[in-house]
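What follows is each chain in one-letter form.
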Amino acid sequence: MIREEGVCVKIPASTANLGPGFDTLGMALDLYAWLELKPASETVFRLYGDHLDGLPSDKSNLIYQVAQSVFKRAGVKVPELEISMYSDIPLTRGLGSSASAIVGALYAANLLIGEPLTKDELFDMATALENHPDNVGASLYGGIIAAVWDGTHATALKIQPPAELLTLVAIPDFQLSTSLARKALPEAFRMQDVVFNVSHASLLTAALASGRLDLISSAMKDRIHQPYRAQLVPGMARILEEAPSHGALGVALSGAGPTLLALVEEDSSRQAELEGFLTKVLAEEGISAKTLWLRPCTEGVVELAMLNNVSFMKRIKGE
Ligand code: HSE
C-alpha cells in the first residue's frame, strides 16, 4: 500500500559519545529537521533553510538514496519522489545532521509504503550507513541510548533523561567532518585507557539511568577520543578542564565535534556564567560560536499528520 498523499516526519538532532561512551552513548536533543516524501511523476527536491544549502538536488541526494534502499528491501517500487526538507540542525558540527537525514529518510520511506520494516530493522540499516549506532539510535528512539553494533545488527536500550537535565551547546562556526575527526584517533589503545573509558562510560550510564546528576562530573571523562581530537578544536582542552568549575555538571565534545556540549542542571544559577565562559574561551582562540540551550528530546523521529492546503514551510513555521 503506497500512501499517495505522502508522509511527513520530524527528526531530532543528537549528541554522541557523552564523553567516555565513544560510539555507544547518544542523546536526542530538541533541535529538529522535517522531511516530507510524496510519490511523484518526476523527482523534485525542495530543500529549505541555510543548513541544507549546497546539498545535491538530484538522485544522488542521500535522502533519495536511503528512501530507495527501503523500497528495494521491501520489494516495492517508488522510483520518483517529491522530497521536501527543512532543518535547524547545523551540518557537520557534531549534532547528528547526517544521522537525522538518514533516520528521517528511512522512517518516512517505510511509512510511505505501509511500514513493512520494523523500527529495529531501520536501526540496523541506519547504523550500516553511519557505521556507528549512537547518533542514529538517538534520532530514531529518542532519549538517551546505550547501543552496540556488531557489523550487522544494532541493539539499543533507551534511558529516559533525568527531568532536570539541560544541555548547553557551543557550535563553532567551522565544520569538522567525522571522517577527519576519526582519522585523528590511534589504531590501538593502552590497557589503562580502555579500562578508564569502560568504567567511566558504565558509571555515566548508571548515573543517567538513576538520575544521579551529582556523579556526572566524575563520570564524564574520556581518554580514547577527546585527547586526540583536541588539536582539531582550539579551546576544547581548556573547556573540558574548566567548564565544571563554571557550573557544568559535565562537558564533552559533541560527537566528532567541533560542537562542545555541557550538561547543566535546570535550576542552576550559573547558566549565564557557563555560557559566557564557553563563548569567551572560543573567542580567545579566534572562533566565533553560537550557543543554544537544548533539552533532551524524549521521543525519536515522529510522524506528523499531512495537512491538506497547508504548504510544507507554513506547517513547519507553525510548529
Ligand atoms: N561516535 C562518533 C564519533 C560520532 O565520535 O566519531 C560521530 O558523529
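Residues numbered from 1 in each chain as written. Predicted model: local features only at pLDDT ≥ 70, side-chain atom pairs only at ≥ 80, totals over all residues. Heavy atoms only, no water.

A few words now on the pairing of strand β1 (residues 7-16). For β1, the buried fraction is high: ten of the ten residues fall into the buried class. Relative to strand β2 (residues 25-39), β1 is paired through ten bridges, and the arrangement is antiparallel. Looking across to β2, one finds that Ala13 is bridged to Leu29. Looking at chain direction, β1 and strand β11 (residues 302-304) are connected through three bridges and run antiparallel. Bridge pairing in β11 links Val9 to Glu303. (Buried < 20%, exposed > 50% of the residue type's maximum accessible area, 1.4 Å probe, protein only. Helix = DSSP H or I, 4+ residues; strand = E, 2+ residues; numbered from the N terminus. Pairing = 2+ DSSP bridges.)

For the rest of this paragraph, the subject is the UniProt feature "binding site: ATP" (unreviewed entry) in the protein chain. Within this structure's numbering, the places UniProt gives as "binding site: ATP" (unreviewed entry) are Pro90, Leu91, Thr92, Arg93, Gly94, Leu95, Gly96, Ser97, Ser98, Ala99 and Ser100. Within the fold, Leu91 resides in the loop between β4 (81-87) and α2 (97-112). Once residues within four sequence positions are removed from consideration, Leu91 is found in contact with His51, Leu55, Ser97 and Gln175. Since its relative accessible area comes to 13%, Ser97 is described here as buried. (UniProt positions renumbered as here; feature names shortened; annotations may be inferred. Contact = heavy atoms within 4.5 Å.)

Time to look at the site of the ligand. With respect to spatial proximity, the complete set of residues near the ligand consists of Ala16, Asn17, Phe22, Asp23, His132, Asp134, Asn135, Thr178, Arg182, Arg229, Gly255 and Ala256. Interatomic distance of 2.7 Å between a side-chain N/O atom of Asp134 and a nitrogen atom of the ligand. Between the ligand and the protein, one listed contact pairs an oxygen atom with a side-chain N or O atom of Arg229 at 2.8 Å. Starting from 260 Å² of accessible surface for the ligand in isolation, the protein chains cover 96%. Looking at the shell around the ligand, the elements with two or more residues in it are α4 (133-141) and α5 (178-183). No fewer than three residues from each of domain 1 (7-159 + 297-318) and domain 2 (165-294) sit in the shell around the ligand. (Near = heavy atom within 4 Å. Polar contact = N/O pair within 3.5 Å; in protein donor to acceptor, adjacent residues only side chain to side chain. Areas by Shrake-Rupley, 256 points an atom, 1.4 Å probe, with all protein chains shown as cover. Domains from an automatic or database assignment.)

Attention shifts here to the nonpolar core. Among the nonpolar cores identified, the biggest contains 77 residues, and Leu35, Leu37 and Ile216 are the most heavily contacted of them. In terms of residues, this core owes the most to one element, α2, which gives eleven residues. Two domains each donate at least three residues to this core, and these are domain 1 (7-159 + 297-318) and domain 2 (165-294). Ile216 has contacts with Leu165, Leu204, Leu208, Leu249, Gly250 and Leu263, leaving out every residue within four places of it along the chain. Ranked by size, the runner-up nonpolar core spans 22 residues in total, among them Leu168, Ala170, Ala248 and Leu253. (Core = buried A, V, L, I, M, F, W, Y, C linked by side-chain atoms within 4.5 Å.)

A few words now on the domain arrangement of the protein chain. Split into domains, the protein chain comes out as domain 1 (7-159 + 297-318) and domain 2 (165-294). Between the C-alpha centres of domain 1 and domain 2 there is a distance of 25 Å. Taken together, the contacts link 23 residues of domain 1 with 40 residues of domain 2. Across the domain 1/domain 2 interface, buried area totals approximately 2,200 Å², and carbon plus sulfur atoms make up 67% of it. Contact with domain 2 buries area across many residues of domain 1, yet Pro20, Phe22 and Arg93 alone supply 30% of it, more than any other trio. At the boundary of domain 1 with domain 2, the tally comes to one salt bridge. Its salt-bridge partner being Asp23, residue Arg182 comes within 2.7 Å of it at the nearest N-O pair. Linking domain 1 with domain 2 are twelve residue pairs in polar contact (both at pLDDT 80 or more). Counting residues per element, the ones that place at least two in the side of domain 1 that touches domain 2 are β1 and β2. It is β2 that provides the largest number of residues to the side of domain 1 that touches domain 2, a total of five residues. The residue inventory of the side of domain 1 that touches domain 2, partitioned by class, reads 13 nonpolar, seven polar and three charged. (Buried area = accessible area lost by both parts, 1.4 Å probe. Salt bridge = Lys/Arg side-chain N within 4 Å of Asp/Glu carboxyl O. Nonpolar A, V, L, I, M, F, W, Y, C, P; charged D, E, K, R; others polar.)

Before going further, it helps to spend a moment on α4. Extensive coverage of α4 is indicated by the burial of nine of its nine residues. Of all the residues in α4, the buried ones are Pro133, Asp134, Asn135, Val136, Gly137, Ala138, Ser139, Leu140 and Tyr141. Looking at the buried side of α4, the elements it contacts are β1, β2, α2, α3 (119-130), β5 (144-149) and β6 (154-159). Positioned one or two residues after α4, Gly142 has a phi angle of 80 degrees, which is positive.

A word on the state of the cysteines. Under the definition given, this model contains zero disulfides. Looking at the unpaired Cys8, the closest cysteine sulfur is the one in Cys297, lying at 15 Å. Owing to a relative accessible area of 7%, Cys297 belongs among the buried residues under this scheme. (Disulfide = S-S within 2.5 Å.)

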